[in-house]
Amino acid sequence: DPRLENGMYGHQFLALEGKAFRDVFGEEAEFPSSPASVRDCQAVCLELGTLKSVVARPLPHRYWGREEAKRQLYDFMLSDSCGRV
């Protein structure tokens, strides 16, 4: 989505790999090795200052992924699920 840019509304986009990716998205989650678009990716909104002991277990409404493909990532970022983070 061309409307998205790193730092927008104070959000920082970070790619997770390896253990960090599995911890946040689960062991069965597929890591997109070469995504063609943002719709091939998954996203989660994590609050700054979240304790390390719980950061790998975000609440379900904080996730965006293939099942939300009809919902634009931009809209997700502005929603209550992420916009107030």
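Just above, that's the structure.
Residues numbered from 1 in each chain as written. Predicted model: local features only at pLDDT ≥ 70, side-chain atom pairs only at ≥ 80, totals over all residues. Heavy atoms only, no water.

Chemist: Hey, could you run me through the overall build of the protein in this one?
Modeler: A tally of helices and strands in the protein yields two helices and two strands. The helix and strand sequence of the protein, counted from the amino end, reads α-β-β-α. The buried share among the 85 residues of the protein stands at 25%. Sequence-distant contacts in the protein: of pairs separated by 6 or more residues, those separated by 24 or more amount to 44%. (Helix = DSSP H or I, 4+ residues; strand = E, 2+ residues; numbered from the N terminus. Buried < 20%, exposed > 50% of the residue type's maximum accessible area, 1.4 Å probe, protein only. Contact = heavy atoms within 4.5 Å.)

Chemist: What is the right way to read helix H1 (residues 18-25) from this model?
Modeler: Count 3.6 residues to each turn of an α-helix, and residues three or four apart come out pointing the same way. If you check which residues of H1 are buried, you get Phe21, Val24 and Phe25. Down the axis of H1, the buried set is contained in an arc of 80 degrees. They therefore lie on one face. Those residues of H1 that are buried lie in contact with strand S1 (43-44) and strand S2 (63-64). Phi turns positive, to about 95 degrees, at Gly26, one or two residues after H1. (Arc of directions from axis to C-beta.)

Chemist: Hey, could you run me through the packing of aromatic side chains in this one?
Modeler: Each pair of aromatic rings is reported with the distance of its centres and the angle of its planes. Scanning the entire structure with this criterion turns up two aromatic pairs. An angle of 40 degrees between the planes, with centres 5.0 Å apart, marks the rings of Phe21 and Phe25 as tilted. One end of the pair, Phe21, and the other, Phe25, are both in helix H1, four residues apart, so they sit about a helical turn from each other. Just as Phe21 is buried, Phe25 falls in that class too. Between Phe25 and Tyr63 the ring centres are 5.9 Å apart and the planes differ by 65 degrees, which places this aromatic pair in the edge-to-face class. Of this pair, Phe25 sits in helix H1 while Tyr63 sits in strand S2, and the two are 38 residues apart along the sequence. The exposure class assigned to Phe25 is buried, which follows from its relative accessible area of 16%. Ring-pair connections join several aromatic residues into one group, and the members of that group are Phe21, Phe25 and Tyr63. (Phe/Tyr/Trp six-rings, centres within 6.5 Å; stacked < 30°, edge-to-face > 60°.)

Chemist: So what exactly am I meant to see when it comes to the pattern of salt bridges here?
Modeler: When charged atoms on two side chains of opposite charge get close, those side chains can pair. Tallied over the full model, the rule gives two salt bridges. Here Asp23 ties to Lys19 by a salt bridge, and the two come within 2.8 Å at their closest N and O atoms. Placement of the pair is Asp23 and Lys19 together in helix H1, with a separation of four residues, close to one helical turn. For Asp23, a relative accessible area of 33% translates into the label partly exposed. In this structure Lys19 comes out as exposed when scored by relative accessible area, which is 54%. The closest approach of N and O atoms between Arg62 and Glu47, which form a salt bridge, is 2.9 Å. (Salt bridge = Lys/Arg side-chain N within 4 Å of Asp/Glu carboxyl O.)

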